[in-house]
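Residue-level listing of the chains:
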Amino acid sequence: MALTPVADMDNGPDVETLQEWDRRHQLHPWAAVDDWQGYDNMLVDSASGIYLWDGTGKRFIDGPGGMWCVQIGYGREEMADAIAAQVRKLPYTSPFSNTTEPSAILAKQLADMAPGDLNNVFFTTGGSTAVDTALRTMHFMNNRMGRPDKKIVLAREKGYHGSTYLAHSVTGKERTKNRFDVESRLVHFLPDVNPYRRPDGMSVEAWCDAKVADLENAIGEVGAENIGAFIAEPILSSGGVIVPPPGYHKRTFDICRAHDILYISDEVVTGFGRLGHWFCSEEVFGIQPDMITCAKGLTSGYLPLGACIISDRVMERISGPDEPVTYTNGYTYSAHPVSCVAALTNIEIMRREHILEHVREVSPHFQERLRALTRFDFIGDARGMGLLGCIEGKAASLAGDMQLGAMIDAACEERGLLVRPLINMAVFSPPLIITRAQIDEMFDILEAALEAVGRKLAKNPEAIA
């Protein structure tokens, strides 16, 4: 079979052929292997602003914003020009022995954006490798300090931290079976922090007390001398946009600091404007973590790039005059100059167009429209913060939850809205450039989809039994 030249892609195979090749040859993330080669992923052909077009020309609002990441929207010519210019000037150099202008400037900008003394930036290939770097840095630090047993990571159920081995080991999504191995000796999970799951009659304040007690109890059980870090998403995004109760993050941070446990804030989703700030750890939740991990919105999805931002406090404990020591962690594509240019261009666009301020301005309307969806009796909760949202359906079983989630997803897609289905939930994190009118367009479609699902359930309530 002759290969299609890159220059001739617009006149390449038809949609049906491409989808057949995709089924036969491409293994997608989180693929349903029980139906191997039996799926039909949407063939996305083009995009602009907040919209995608499939191979048939149908337009969709991109509700998930790619994968929580397309902050500045699609089709930015300025981004394409900057990437192309850097490719022509210098497409790559080894980060192990060289530096580049884009990576040095970006490191300085991220250090300036990050709170407190988080002044040291290690570039990675994405969010998973940023989390791996944070965990390995904790191991490295405690080995340097002569504390080889202080390695266990505390994490939350429903937290998601990545798919590489270490990052997946500290991920707490538990409703579907996982056939991959994890390093269970490394992690101790704390129970679900979702206020929606609190017992009937319990106040949010009492729930917060209970969740803080989870951490204290775990430290008592495992022993502070054995715990190296607590990793926490400000908002547990892939777990269903779970917003912990007010005061939770500050109280857990203070407990970690009292027991010399590093606090790792996983801002892979919440970083770069999702809540209206470059980072939300300090601006929204009042903490200065020991490390912040980020990716996704760092380049608005235009190219892969992640970072682990490390505090001076941690670096000072790693360094020392006692012996030569090497930080033996790195990736071939760390600090990739083209990816760093994409990040710098992304940040420049966000600053020039006042996108952070725009998010803070339109978020109340977004959240108001979101919370109104609880009027549907099969929607148990509608929650979010900033331009992050989730609706959670309620059914009688896991099978019913999955069926309900699939019905909502299909009804939205039919009407031109993409959401991210997560069992019985639909989550959305649209591009940050979304206007108030487009927010209404998105929620109008979502409401129409839920009304259609409601009519189907009225005819066949057993569908989600």
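From a predicted model like this one, the values you see are computed outputs, not experimental measurements. (Residues numbered from 1 in each chain as written. Predicted model: local features only at pLDDT ≥ 70, side-chain atom pairs only at ≥ 80, totals over all residues. Heavy atoms only, no water.)

1. Overview of the overall build of the protein
Phase 1: Summing up its helical and strand segments, the protein has 13 helices and 15 strands in all.
Phase 2: Its C-alpha atoms give the protein a radius of gyration of 23 Å, near enough to 23 Å, the size a compact globule of 465 residues would have.
Phase 3: Each of the three principal axes of the protein carries a C-alpha extent, and together these read 70 × 65 × 45 Å.
Phase 4: Across the 465 residues in the protein, those meeting the buried criterion constitute 52%.
Phase 5: Contacts in the protein between residues at least 24 apart in sequence constitute 72% of all its contacts with a sequence separation of at least 6. (Helix = DSSP H or I, 4+ residues; strand = E, 2+ residues; numbered from the N terminus. Rg over C-alpha atoms; globule rule 2.2 N^0.38 Å. Buried < 20%, exposed > 50% of the residue type's maximum accessible area, 1.4 Å probe, protein only. Contact = heavy atoms within 4.5 Å.)

2. Side note on the pairing of strand S2 (residues 51-54)
Phase 1: In this sheet, S2 lies alongside strand S1 (residues 44-48) in antiparallel orientation, the contact comprising four bridges. Each residue of the ladder has a partner; that of Ser48, found in S2, is Tyr51.
Phase 2: As paired strands, S2 and strand S3 (residues 59-62) are joined by three bridges and run antiparallel to one another. Opposite Leu52, over in S3, you have Phe60 as the bridge partner. (Pairing = 2+ DSSP bridges.)

3. What about the packing of aromatic side chains?
Phase 1: Per the counting criterion, the structure on display carries 14 aromatic pairs.
Phase 2: Look at Phe122 and Tyr331: their rings are 6.4 Å apart centre to centre, the planes differ by 65°, and that puts the pair in the edge-to-face class. Of this pair, Phe122 sits in strand S4 (residues 118-124) while Tyr331 sits in the loop between helix H9 (312-318) and helix H10 (337-352), placing them 209 residues apart in sequence.
Phase 3: Note on Tyr331: relative accessible area 19%, which makes it buried.
Phase 4: On the basis of an interplanar angle of 70° and a centroid distance of 6.2 Å, the ring pair of Phe272 and Trp278 is categorised as edge-to-face. (Phe/Tyr/Trp six-rings, centres within 6.5 Å; stacked < 30°, edge-to-face > 60°.)

4. Observations concerning the environment of Glu353
Phase 1: Of note, Glu353 is situated in the loop between H10 and helix H11 (355-371).
Phase 2: Only 2.7 Å separates the side chain of Glu353 from the side chain of Arg76, close enough to count as a polar contact. (Polar contact = N/O pair within 3.5 Å; in protein donor to acceptor, adjacent residues only side chain to side chain.)

5. A look at H11
It helps to recall that an α-helix has 3.6 residues per turn; residues three or four apart then point in one direction.
Phase 1: Between its first and last C-alpha atoms H11 spans 24 Å; for 17 residues at 1.5 Å apiece the expected length is 24 Å, and the two agree.
Phase 2: Helix geometry: H11 is bent most strongly at Val362, by close to 40°, with proline Pro364 lying one to four residues after it.
Phase 3: Elements that come into contact with the buried residues of H11 comprise H10, strand S11 (379-385), strand S12 (388-393), strand S15 (425-428) and helix H13 (436-459). (Expected span 1.5 Å × (residues − 1). Bend = angle between axes of the 7 residues up to and from the residue.)

6. Some points on the packing of helix H3 (residues 77-89) against H10
Phase 1: In the contact formed by H3 and H10, the axes pass within 9 Å of each other and the chain directions differ by 150°. With respect to their mutual orientation, H3 and H10 come out roughly antiparallel. When you trace H3 past H10, the crossing you get is right-handed. Touching Glu78, Met79, Ala82, Ile83, Gln86 and Val87 of H3 are Pro337, Val338, Val341, Ala342, Thr345, Asn346, Glu348, Ile349 and Arg352, all from H10.
Phase 2: Classifying every residue of the contact of H3 with H10 gives nine nonpolar, three polar and three charged. (Axes fitted to C-alpha atoms, helices over the stretch in contact; angles between N-to-C directions. Parallel < 35°, antiparallel > 145°, perpendicular 65-115°, else oblique. Left-handed = near helix turned anticlockwise from the far one by under 90°. Nonpolar A, V, L, I, M, F, W, Y, C, P; charged D, E, K, R; others polar.)

7. Digging into the sheet that holds S12
Phase 1: Spatially, four strands are ordered S11-S12-S15-S14 in an open sheet, and the strand pairing comes out antiparallel. What marks the edges here is a single partner per strand, and that holds for S11 and strand S14 (420-422). Each strand axis lies, on average, 20° off the axis of its neighbour in the sheet, ignoring direction.
Phase 2: As judged from the three bridges shared by S14 and S15, these two strands associate in the antiparallel manner. Looking across to S15, one finds that Arg420 is bridged to Val427.
Phase 3: Of the strands in this sheet, S11, S12, S14 and S15 touch helix H12 (residues 398-414), which is tilted by about 130° from S12.

8. Comments concerning the pairing of strand S7 (residues 227-232)
In regular strands, side chains alternate between the two faces of the sheet.
Phase 1: Most of S7 sits inside the fold, with six of its six residues counted as buried.
Phase 2: Note that strand S5 (residues 152-156) and S7 share three bridges and pair parallel. When the bridges of S7 are listed, Val153 appears paired with Ala229.
Phase 3: One ladder, built from four bridges, connects S7 with strand S8 (residues 262-266); its direction is parallel. Bridging across to S8, Ala229 finds its partner in Leu262.
Phase 4: Handedness of the S7-helix H8 (residues 248-258)-S8 crossover: right-handed. (Right-handed = clockwise from strand over helix to strand, strands pointing away.)

9. A few points about a nonpolar patch on the surface
Phase 1: A contiguous nonpolar patch, built from Leu27, Val33 and Trp36 and spanning about 340 Å² of accessible area, is present on the exposed surface.
Phase 2: Looking at the element boundaries, Trp36 is found in the loop between helix H1 (15-25) and S1.
Phase 3: The exposure class assigned to Trp36 is partly exposed, which follows from its relative accessible area of 46%. (Patch = residues over 30% accessible without salt bridge, like charges linked within 9 Å, V, L, I, M, F, W, Y side chains within 5 Å. Areas by Shrake-Rupley, 256 points an atom, 1.4 Å probe, with all protein chains shown as cover. Salt bridge = Lys/Arg side-chain N within 4 Å of Asp/Glu carboxyl O.)

Scope: geometric values only; no functional claims are made or implied.
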